[in-house]
Amino acid sequence: MGKTKNNKFKRPSFSPDGLSSTPVKQTGDESEDEDSPAAELLDKLQSPSADVREYACASISRVVQQSQTIPGFLQRDAVRKIGPLLLDRSLAVRETAAGALRNLSACGGPEVCEDMVRQDALTPLSALLRECCNGFDVSSSPTVKGQKHMVEDVANEAVNLLWNLCESSSTAVSVFNKTGLLDVLLHCLQRHPQKMELAISAAHCLHTVTEENAELVRSVNAAVFGVLENILFSTHSSMEYTLLRSLAAGERTHDTGPLATTLSHSLSLDAGELIPELWRAESARLSKETTSAAEEMEEDVRDEKMNGGKPNGQMSKTKNDISDLLPRDRLELREAKALLSAQQTSLEIIVNMCCSDEPSDDEWEEMSSSDESEMCADGMSNTNSSLFSPLCLSAELHTVLLNLNIPQQVLKKAEFPSAAALELCSKDLTWKYLLKKMQRVQCRALTCLHNMLSSMDTESLGGASGLQAVAQHLSSLVFSSAEALKDEEFLEAVTSALRSLLKIMATKNIPQCMTPHQLMSFCEAATSCELVSVRVNALAILGITGSSLAKEKNTADTLQLIGNALLNIAMKDSNLVVCGEALDALFDVFADGDEAEKAGKNINLLSSLKALQPGFRLRKEGKGKYSPDQLCVLDNIRINLKRFISYSENLQRK
């Protein structure tokens, strides 16, 4: 034990627009409720009036955002009833139908997405996407221009639906491959000069479907390279273009220069400054528009009076943006969202670049079917294999990243978002949506730091003093707020990063920087977390720090604190994996040295381990609770425990 495996970032199951993807349970309560909106709205889908069909789809799109209403729609066969409207003769109906299914997939979660795929939602969706792409190339007459814009809006809803389905369903990805929808996404990507929203949606979808998709690699051709290069070398400075280039960079990993430049530009942007600036710009714009609207209304009233009370023929504009989860008129908010998404994407790319294909021999976490050991299963060797393939940190790319100061940029992103940005977003109901995105960027940065430590030299991270400062900063993050201790994703990221950092410092003989009080407070907080990986990280940190202190003089008192803490957990924790890590840490701390020997005697280490040995052996019977890999490591711990007891007994006889 004592080693950790670099994490390859796996996109979690959350919807592209940040809505909850908690699966909904299909209970019978909703279907028995006569007041349920589902029955009435689904009936309206059959209306001969396009306006009524559009209204019904738009209403469903809104209603299903309340996840408790989803079972009622599913039980009434909503997917099969809405699906045909994707090919309705009215473009407005097509757009709202796609929006309704998009929201159903986003708010329903993976189970609903799988159900939608089983109900063949992809057949009309694929046909719709191909028709939309044909519509992009129609004549540019004035009459058609308005319609072409509408076709792209329809395509955007459809691509987002495809993205949701492919993110949650391997069957959907298989259908994507077989139906050749890669060409569709390329057409949508090419609309970036005219329709940025559509291009970004297509780039996100491409980012999802290409992950570990060997079959898709075989479909790659020069057209794909051309489209991505066109995006990578664009010079537009908006945040949305920054996001688009970041997504494109993740697919062109062999273009070392453009890849690193894109990542560096994205990470160099200071979200802590830019988000308040964007908020102020939006506030000023909306205030100006409100004043202008009020003046227009006064003018309309005067005109009506002059015309004998008759309206002047102009209809008031009403917002009709029901299918999009983020309002289209909030331009600055969209820019802020794009900025954070670009930085998250850039960090995820670096995480994967720094991940190791070699699994560690002490991996405690449950191994998933998508683990790193499967990353290179296909072993493509043709010229296109560098596209969409797992990343590795080559010597050339390592140098480029250092030259562009990316390690320091990652460290900066590992800090909490600025207090000003957090306060501003907390007070504005619409901008509050960004809080989770800011925290997600921080978590990605911490995971990125964890992976970078094993592949970059210490000087690139500031040398000995720089590493000590980072260690202090990481340990302080845990106590930065009460909310931090409740966020399991954050705790796992920060403890993994600190564990790797302290291990590097120990191997380089760089003095540890936490005081005994800080160390014990940190580990007390982390070991109280319900997440096993966080508790394991905390114990490993105790072991790493203790083994370093054991080499120094006058450290017996601190070693006693560490030893008692580890013994307490080894005896009392309900999870055998955690107990095993505590024992392994004890072996590291008390393996050698006068200070360790003195501390071990003071805490009666030998007798405590002897008392623990039978229980540890008996508790190993719970095979159903642990994976074969974990049981193998636990068996090694049991053997090491026996050997350590024998070693300690021989030491006492001398």
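Residues numbered from 1 in each chain as written. Predicted model: local features only at pLDDT ≥ 70, side-chain atom pairs only at ≥ 80, totals over all residues. Heavy atoms only, no water.

- The name given to the protein in an unreviewed UniProt entry is HEAT repeat-containing protein 3-like, and the organism recorded there is Sinocyclocheilus rhinocerous.
- UniProt, in its Sequence similarities (unreviewed entry) section for the protein, records the words "Belongs to the nuclear import and ribosome assembly adapter family." (UniProt positions renumbered as here; feature names shortened; annotations may be inferred.)

### What about the packing of aromatic side chains?
Thinking step 1. With the rule as written, the count across this model stands at two aromatic pairs.
Thinking step 2. Through a chain of ring-to-ring contacts, the aromatic side chains of Phe587, Phe644 and Tyr647 assemble into a single cluster. (Phe/Tyr/Trp six-rings, centres within 6.5 Å; stacked < 30°, edge-to-face > 60°.)

### Description of the side chain of Gln343
Thinking step 1. Structurally, Gln343 is set in helix α17 (residues 331-353).
Thinking step 2. Within the structure, the side chain of Gln343 is placed 2.8 Å from the backbone oxygen of Leu269, a separation counted as a polar contact.
Thinking step 3. Those residues in contact with Gln343 that sit more than four places away from it in its chain are Ser266, Leu267, Leu269, Ala271, Lys413 and Val441. (Helix = DSSP H or I, 4+ residues; strand = E, 2+ residues; numbered from the N terminus. Polar contact = N/O pair within 3.5 Å; in protein donor to acceptor, adjacent residues only side chain to side chain. Contact = heavy atoms within 4.5 Å.)

### With respect to the pattern of salt bridges
Thinking step 1. A complete count under the given rule lists 19 salt bridges for this structure.
Thinking step 2. A salt bridge links Arg102 to Glu157, with the shortest nitrogen-to-oxygen separation between them at 3.2 Å. Of this pair, Arg102 sits in helix α5 (residues 91-108) while Glu157 is found in helix α8 (residues 142-168), placing the two residues 55 residues apart along the sequence. Glu157 shares its class with Arg102; the two are buried.
Thinking step 3. Beyond isolated ion pairs, a larger network of salt bridges with shared partners links Arg285, Glu289 and Glu332. (Salt bridge = Lys/Arg side-chain N within 4 Å of Asp/Glu carboxyl O. Buried < 20%, exposed > 50% of the residue type's maximum accessible area, 1.4 Å probe, protein only.)

### Concerning helix α11 (residues 196-209)
Thinking step 1. The terminal C-alpha atoms of α11, which comprises 14 residues, lie 20 Å apart, in line with the 20 Å expected from a rise of 1.5 Å per residue.
Thinking step 2. Of all 14 residues in α11, 14 are buried; the element is thus mostly enclosed. (Expected span 1.5 Å × (residues − 1).)

### As for the packing of helix α15 (residues 256-268) against α17
Thinking step 1. At their nearest, the axes of α15 and α17 sit 9 Å apart, and the two run at 135° to each other. Our classification of the angle between α15 and α17 gives oblique. The two elements α15 and α17 meet at a crossing, and its hand is left-handed. Contacts from Leu259, Leu263, Ser266 and Leu267 of α15 reach α17 at Ala342, Gln343, Ser346, Leu347, Ile349, Ile350 and Met353.
Thinking step 2. Its residues assigned to classes, the contact of α15 with α17 comprises eight nonpolar, three polar and no charged. (Axes fitted to C-alpha atoms, helices over the stretch in contact; angles between N-to-C directions. Parallel < 35°, antiparallel > 145°, perpendicular 65-115°, else oblique. Left-handed = near helix turned anticlockwise from the far one by under 90°. Nonpolar A, V, L, I, M, F, W, Y, C, P; charged D, E, K, R; others polar.)

### Side note on the confidence of the model for the protein
Thinking step 1. The predicted model of the protein averages 80 in pLDDT, with 78% of residues at 70 or higher.
Thinking step 2. The spread of mean pLDDT over the elements of the protein runs between helix α18 (residues 395-403), the lowest at 72, and helix α4 (residues 78-82), the highest at 95.
Thinking step 3. Counting contacts from residues 139-145, a segment whose pLDDT is below 50, to residues more than four positions away or on other chains yields four contacts.
Thinking step 4. Below pLDDT 50 for its whole length, residues 357-391 participates in 73 contacts with residues either more than four positions away or in separate chains. (pLDDT = per-residue confidence, 0-100.)

### Some thoughts on the environment of Ser476
Thinking step 1. Counting through the fold element by element, Ser476 comes out in helix α22 (residues 463-477).
Thinking step 2. The exposure class of Ser476 is partly exposed, given its relative accessible area of 39%.
Thinking step 3. C-alpha of Ser476 to C-alpha of Phe522: the two residues are 46 residues apart in sequence and 8.5 Å apart in space.
Thinking step 4. Among the polar contacts made by the side chain of Ser476, one reaches the main-chain carbonyl oxygen of His473 at a distance of 2.6 Å.

### Here we look at the nonpolar core
Thinking step 1. Leu162, Leu189, Ile350 and Leu474 are the most contacted members of the largest nonpolar core, which has 192 residues in total.
Thinking step 2. When residues of this core are assigned to domains, at least three map to each of domain 1 (37-137 + 149-219) and domain 2 (510-653).
Thinking step 3. Apart from residues lying up to four places away in sequence, Ile350 is in contact with Leu263, Leu267, Ile406, Val410, Cys448 and Met452. (Core = buried A, V, L, I, M, F, W, Y, C linked by side-chain atoms within 4.5 Å. Domains from an automatic or database assignment.)

### Side note on the side chain of Ser105
Thinking step 1. Examined against the element boundaries, Ser105 turns out to sit in helix α5.
Thinking step 2. One polar contact links Ser105 to Asn164, side chain to side chain, over a distance of 2.9 Å.
Thinking step 3. Those residues in contact with Ser105, other than ones at most four positions away along the chain, are Cys113, Met116, Leu161, Asn164 and Leu165.

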